Structures are given as C-alpha cells and as structure tokens.
Amino acid sequence: MPVCKLVCVKTRSKVDCCGSSFLVQQQRWPLLCRSHHGVKTFRQGHKRSNSGQQSLQLLSAVAALVIEVSGTQSNGSHTLKLDKGSQKPRVVILGSGWGAVSFIRDLPKNIGDKYDIVLLSPRNYFLFTALLPQVATGNLEEHSIIESIRKILGKKGTYFEAAVTNINASERALTARFPCHAGLEEFEFTVPYDILIYSVGSKVNTFGIKGVQQYSFFFKSIADAHNLRQRVCECFERAALPTITDQERKRLLSFVVVGGGPTGVEVAAELYDLVREEMGQYYPNICKDAKVRLVELQDHVLSTYDRKISEYTSKLFSRNGVEVLINTKVESIDADKLTLVSQGKEEKHTQTVAYGACVWATGVAMHPLTQHLQQAMPPGTQSHSRSIVTDEYLCVKGSNGTIFALGDAATVEQAKALSRAKEMFAEADKDGNGMLSYAELTAAMKQASKEYSHLEEYARYLERKGDSRRFGPLVQRALVGGPTKSCEGLQCLEPNCQVNLSHFEDLLQEIDNTLRSLPATGQVAGQEGSYLAKLFSKHTIWPGQPMPAKAPLFKYMHKVDLAYVGSDKAVMQLPRFGLIQGSGAFFLWRGYETFRQISFRNKCLVAFDTLRSKVFGRDIEFGETDMPGDAS
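None of the values given here were measured: they were computed from a predicted structure.

(A) Structural context of the overall build of the protein. Looking only at helices and strands, the protein features 19 helices and 32 strands. Considering the protein as a whole, with its 632 residues, one finds that 48% of them fall into the buried category. Residue pairs in contact within the protein that sit at least 24 positions apart in sequence constitute 63% of those at least 6 positions apart. Working note: accessible area of the protein is about 31500 Å², and carbon and sulfur atoms make up 52% of it.

(B) Broad picture of helix α16 (residues 501-512). Spanning twelve residues, α16 covers 16 Å between terminal C-alpha atoms, matching the ideal 16 Å at 1.5 Å per step. Every buried residue of α16 is accounted for by F504, L507, L508, I511 and D512. The buried residues of α16 occupy an angular sector of 130° when the element is viewed end-on, so they sit on one face. The N-cap of α16, judged by a side-chain oxygen 3.3 Å from the amide nitrogen of S502 a few residues on, is N500.

(C) Inspection of the pairing of strand β32 (residues 578-582) at higher detail. Strand direction decides the pairing type here: strand β31 (residues 569-574) and β32, joined by five bridges, are antiparallel. Following the sheet pairing, L574 is matched in β32 by G578. Counting the residues between successive antiparallel strands, the hairpin from β31 to β32 contains three residues.

(D) Summary view of unusual backbone geometry. Not every positive phi belongs to a glycine, and R172 is a case in point at roughly 55°. Along the chain, R172 falls in the loop between β12 (163-168) and β13 (173-178). The phi dihedral of N400 falls on the positive side, at around 60°, and the residue is not glycine. Mapped onto the secondary structure, N400 falls in the loop between β25 (388-390) and β26 (403-405).

(E) Layout of the pattern of salt bridges. Inspection of every chain in the model, using the stated rule, returns 23 salt bridges. Ionic pairing is found between E423 and R420, a salt bridge with its closest N-O pair at 2.9 Å. A cluster of three or more residues bridged by salt bridges with shared partners is formed by E270, D273, R276, E277, E278 and R618.

(F) Seen up close, the sheet that holds β26. Spatial ordering of the open sheet is given by β11-β8-β7-β15-β26, a layout of five strands whose pairing is parallel. Taken across any chain shown, the strands that pair with only one partner, and hence form the sheet edges, are β11 (158-161) and β26. On average, each strand axis in the sheet is inclined to that of its neighbour by 20°, with strand direction left out of account. The pairing of strand β8 (residues 116-121) with β11 spans four bridges and is parallel. Bridged to L119 within β11 is Y159. Where helix α2 (residues 98-106) meets the sheet, it contacts β7 (90-94), β8 and β15 (195-198), and its direction lies at approximately 140° from that of β7.

(G) Structural detail: the nonpolar core. Membership of the largest hydrophobic core comes to 97 residues, with the highest contact counts inside it found for I145, I197, F236, L532 and F536. Sort the elements by how many residues they give to this core and helix α8 (residues 262-282) lands first, with nine residues.

(H) Focus on the packing of aromatic side chains. In total, this model carries 15 aromatic pairs according to the counting rule given. Ring centres of F425 and F504 lie 5.8 Å apart, and the angle between their planes is 55°; on these two criteria the pair is classed as tilted. Of this pair, F425 sits in helix α11 (residues 421-428) while F504 sits in helix α16, placing them 79 residues apart in sequence. An identical accessibility class is assigned to F425 and F504; each is buried. Summarising the aromatic geometry, the rings of F586 and F587 are spaced 5.4 Å apart at their centres and angled 70° between planes, so their arrangement reads as edge-to-face. F586 sits in the buried class, given a relative accessible area of 6%. The exposed category is assigned to F587, whose relative accessible area is 61%. Clustering of aromatic rings is evident, with ring pairs tying together F103, Y115, F404 and F536.

(I) Spotlight on a nonpolar patch on the surface. Taken together, the side chains of L611, V615 and F616 make up a nonpolar region of the molecular surface, amounting to roughly 370 Å² of accessible area. Within the secondary structure layout, V615 lies in helix α19 (residues 600-616).

(J) How the structure looks around the side chain of T610. Looking at the secondary structure, you find T610 in helix α19. By relative accessible area, which is 14% here, T610 ends up buried. Excluding its chain neighbours within four sequence positions, the residues that come into contact with T610 are L140 and R590.

(K) Quick peek at the sheet that holds strand β19 (residues 323-325). The parallel open sheet is built from four strands, whose spatial order is β19-β18-β17-β23. In this open sheet, the two edge strands, each paired with only one partner strand, are β19 and β23 (357-360). Neighbour-to-neighbour, the strand axes of the sheet open up by a mean angle of 15°, direction not taken into account. For strand β17 (residues 254-258) and strand β18 (residues 291-295), the ladder comprises five bridges, and the chain directions are parallel. Counted as the bridge partner of F255 is V292 from β18.

(L) Geometry of the confidence of the model for the protein. Across the protein, pLDDT averages 81, with 78% of residues at or above 70. Of the regions scoring below 50 in pLDDT, residues 1-81 engages in 136 contacts with residues more than four places distant in sequence or in other chains. Segment residues 470-487: pLDDT under 50, and 28 contacts once partners within four positions in sequence are set aside and those in other chains are kept.

(M) Main features of the packing of α2 against helix α17 (residues 522-538). Put simply, α2 and α17 touch, their axes get as near as 7 Å, and they point 35° apart. Note on packing geometry: the crossing formed by α2 with α17 is right-handed. Between α2 and α17, the contacting residues are W98, G99, S102, F103, R105 and D106 on the first element and G522, A525, G526, G529, S530, L532, A533, F536 and S537 on the second. Its residues assigned to classes, the contact of α2 with α17 comprises six nonpolar, seven polar and two charged.

(N) Spotlight on the environment of A290. Mapped onto the fold, A290 is located in the loop between α8 and β18. Note on A290: relative accessible area 18%, which makes it buried. A290 has contacts with F236, L253 and V275, leaving out every residue within four places of it along the chain.

(O) Just the environment of Y452, in detail. By the element assignment, Y452 lies in the loop between α12 (438-448) and α13 (456-467). Taking the C-alpha atoms as reference, Y452 lies 9.4 Å from K555; in sequence the two are 103 residues apart. Y452 has contacts with A415, K416, A417, S419, R420 and M424, leaving out every residue within four places of it along the chain.

(P) The packing of α8 against helix α9 (residues 307-320), seen in detail. With their axes 12 Å apart at the nearest point, α8 and α9 run at an angle of 25° to one another. Regarding the angle of α8 to α9, the classification is roughly parallel. Here α8 runs over α9; the crossing is left-handed. For the pair formed by α8 and α9, the contact residues are V265, A268, A269 and Y272 on the first element and T313, F317 and N320 on the second. When its residues are assigned to classes, the contact of α8 with α9 shows five nonpolar, two polar and no charged.

What counts, and at which threshold
Residues numbered from 1 in each chain as written. Predicted model: local features only at pLDDT ≥ 70, side-chain atom pairs only at ≥ 80, totals over all residues. Heavy atoms only, no water. Helix = DSSP H or I, 4+ residues; strand = E, 2+ residues; numbered from the N terminus. Buried < 20%, exposed > 50% of the residue type's maximum accessible area, 1.4 Å probe, protein only. Contact = heavy atoms within 4.5 Å. Areas by Shrake-Rupley, 256 points an atom, 1.4 Å probe, with all protein chains shown as cover. Expected span 1.5 Å × (residues − 1). Arc of directions from axis to C-beta. Polar contact = N/O pair within 3.5 Å; in protein donor to acceptor, adjacent residues only side chain to side chain. Pairing = 2+ DSSP bridges. Salt bridge = Lys/Arg side-chain N within 4 Å of Asp/Glu carboxyl O. Axes fitted to C-alpha atoms, helices over the stretch in contact; angles between N-to-C directions. Core = buried A, V, L, I, M, F, W, Y, C linked by side-chain atoms within 4.5 Å. Phe/Tyr/Trp six-rings, centres within 6.5 Å; stacked < 30°, edge-to-face > 60°. Patch = residues over 30% accessible without salt bridge, like charges linked within 9 Å, V, L, I, M, F, W, Y side chains within 5 Å. pLDDT = per-residue confidence, 0-100. Left-handed = near helix turned anticlockwise from the far one by under 90°. Nonpolar A, V, L, I, M, F, W, Y, C, P; charged D, E, K, R; others polar. Parallel < 35°, antiparallel > 145°, perpendicular 65-115°, else oblique.

Shown next, in the form of structure tokens:
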C-alpha cells in the first residue's frame, strides 16, 4: 500500500498515516493527508495506537535532522526544508568541480565532529576537465576521468543531487530543485546554512555572436566531448559515401576550433592526431581532404603563456598543416559555415569557412546564480562583470562572513601595497634619515609580503641579489635571475643604493601594476579549495564572526603552464626550471596529468587507456547506445 503523507497544519511536520511510523513535533494540531487518496483532515481527537506513539517518541529522540515537507502534488512541486538539528555550524557546498572537490578531499575524515557538511550539485560526479580533449578523440574513455561525488565525500557529509535556483542571503537559505529527468518529477526543497561554500563555476561566453549557441560544440562537460567525438566520426562516415561531391566532402572534413587558449590548442592538436593516425588508416582515400583550423582573436596563441611557447606551438602547427588564423574574430556561425573577420594592418578582410564541426573553446561568462548572488549583496560591495568578489580569505564581500566563493565563480580582491607606502617606509627607516638602505628596503619588502602576498617574490629577488655580491658576474646572474613579473625599477637597484620615499612609492606602484585577476583554471580553484579546507579544519568558522587572528591569507602559487600541441609533443613552463618543449615535455605532461587524477582508480584507468591507445589505437567506434538502429 502506498504511504500517505500527513502534514501538520501548525508545524508543517511530516507523518506517515498508512501503517508506517511517523515523525511529528506537535500532535494536537490538525493534520493534512496528501496522497493518491486525496486530502483528509485529522483533528486533535484522531485515534492513534500506543505503538505509534512509542515509535514517535523513539524517532524524535534519535533524529539529528528533521525534514519538513510541504506543498502539493497537483503541479509536481514540493518544498523540502532541512532544519538545524545540532549546535555545529552547517556548511553547505555548491558545486562538484575543482574548487568544491579540493575542499572536500582535503577535509579530515572526522570533520563531521566539527561541522554538518551538505553538498548540492546537479552533477553527481567530478570531471577532470584537463583531459576532455583526450576523451573527445578516443584516447581516453569517458568513465576514466570522472569520479563519484558520493565516493569522494564519503562519511564527511551528505550529498543531494539538485541545482540551486535561489539564494536568500539574508535568511541564509537555499532553494534547490531535483532536475526532471528519467521520467521523475521535479522536487524542490530549501536548505538553510550557516556557512556557504560557493563553487558553481561559470558558463560559456558566446559574446552575443549569432549562431554560436545553435551550431557550435561547447567544451565544458563530458557530454560535450562525447558529442564532438560522435560528430567527427559521423562526418568521416558521411564523407566516405560514394555520391558525396568533392565540395561537400571538404566541408564535412573541415574542423574549426575557435579559441587559441590551452583548451582550444589541445583540441586542435588532438583532432590533428586523430586525422593523421586513425582516420588516415581507416579512410585513406578521403583523409587528404581533412583540415583542422584554429581561430584566435589575438596576435598569437596561448597568450597567457610565455611568448616562446606560443612561437613554438605556431611553428609546430604550421609544419603539421594545422591552419592558425590569428587576429581573427568570428562574426557569425551558420549551419555549414563561419563568417570570419581578419584585422590586417590597413583594412579588415572578411571570409567564410565551411565546416563539418565547429568547437567553441573561448571565453567564460558569469553564472546566472552568481549574478543573482551579486545583486543580493549590499550596494557597492560587488561590481565585477564576470564573478563574485572576495577578500583574501575568499570570503564574499558584503556577506558578513557567511559565504565563501572560489573557482571560476570568484575573483580575489588583492590589496595594493601603495596605500600603506608612507607607513611602511617609516617603519623601515630605522635611523630616521629619510632614506632606505638596500638592507632596509629588503627587510621592508619581506615584512610587507606577510600582508601583501604579491610582494613576496620581489622580496626574495632582493635577498638573492644581496647575497650574490660575493660572487662574480656570471654566478650572480645565475643565482639572482629576475622576478617572475618584471619590475624594471627593482632590477636597476644595486646593493649600495639609497631609496627615498618618492622612489619607494614608485617601486610599489610599479609592482602593484603587475597585479592581475587569477585565471579561471582548475589549478587556481584547486588551491583555493585546499586553502579553505585547511582554514575550516584548523579553526571553527562561525557566521558573522571575524576571521581568527592567526588565519593566513590565501596565496596562489603558480606551479606550471602546460599544453599538448600534437605529434606526441607538449610545452611546459615551470617557475624554477624554465621552458621545456618537445617530446620530453610530452612525457612530463602525460605523467603529470595522470598522477594528478583525483583517485587511485582514475590514475589506473587513465594510465591503462593511454597504453591501450598507443598499442591498439584510439577507440572511435560508437557504443550500443549511440547506434542509430539495429543493423539487421
């Protein structure tokens, strides 16, 4: 017999009235039964059995979390609310990407003794996005780069598969909705929180260009990689038909990637490898018509990397036959062609490029929920056009310590040292002569770097330069090098120099000008998640309370720039070791991405898939669910 649900009119508590044990806070109030039987009203005098009352008392005593359900089934809408059942702060995490998963993974196993952890995400798995291009071309299987969120979370907290549709920051409550799929009804519920960890990521930025949404393949999810893989295979199968004209065949085998960043470059490189290897073997008569193009708005690809990396990549692409269109923007995309506008030295040039598949791998835009959250903050606290602004503890400005944001959804507001230049100068000027010696300047930079993290590398540079004075010029250059971000005024200083206040302010101004927003990468989000995990593990964070006095500020440490560029070659730049490129970099890149997997299971699967693809070739066949019909 289906169980009827009772809802207390006064307390809105749930009761099962068809033979099951029930849970209710007040039993003297009218109860509404909502079920397939219709609506029935049970008054105060409704007869209950003693066994039911005993079950009620037992359940009420042991329940740590009371779930209230109200609403009607007539429109398929429900509301579920989680009431606080303990004195521990409830930490609700939104998202299952790099930031959220790094936070969960680095929390200790006994974190449940300190917080009630709840995670909400419409995607019940973590996706290792850096290897999506490998999945799209059959080098890796889809399941090899995903891991269950429930497995990662373990016993640290509770997971609900749901998308958050509204954040009530003043009431500290979320409205979430279980998506309508697999024939199930939508289910809406409310989750209150004490602390919110906001890591919903971003969405694809189409820049309002006509046809991008309708005709191009985005590249953010496992479904995107799957769909591109299927489309490329279909293009080759269609082009191999005997009645296809030469013009149509060339269109079908034209693959365009828009965006010259790391993702776009790796997709283009993987497509080239696929065409050159597997497709050249399976479709030898038509593979000569295949063409891969990369469209980039700026004057070089991989613009956020070292210029030498960009030049190496462009030369390799040119040698391999991958056409790179720089200084070119997409004006529109139609069902079978792109309209491109190239900016020359004197005039613009418009051209059309026919395509079989177009990949849109450029630009990120603000998530709609982030925009809603921005508007909920006090006026003047949020003004960024792409993400929510946080302080250097990753706490959202204007949230009164109740919301922390990380990953693509957040921008860390970095304080500028120039605002305290006079105070810093006065503290460092020990003899009060209005000048700072080299040693005093170094000490001032080192001390200030505790508050302004971007000064740290410059303080280390001054220390190295001062310590190298006892060596010859060649050894000095090898030991000192230079700061990662150029500061000409600092590099011109000699160990016997004297710096006045005006010169000191100029140095700080030049260094502050090197501040840039952190890139929207998994590397940044992962470090932010790990930082918050340490912060929450070491201290008990309560809403509305100031940060603990000894809590450290978030400091991003850039580890590596890397990208696969095709033909078993890669580019890699390490801060301390410099530029590595070619086949050696390929093995380093492959090993790095394998051992960076979230679990031992993923490490094994990625390593096995890599070996399989090298020995037996890529998997470019469709699974049973992708077959158009029974061959019989």
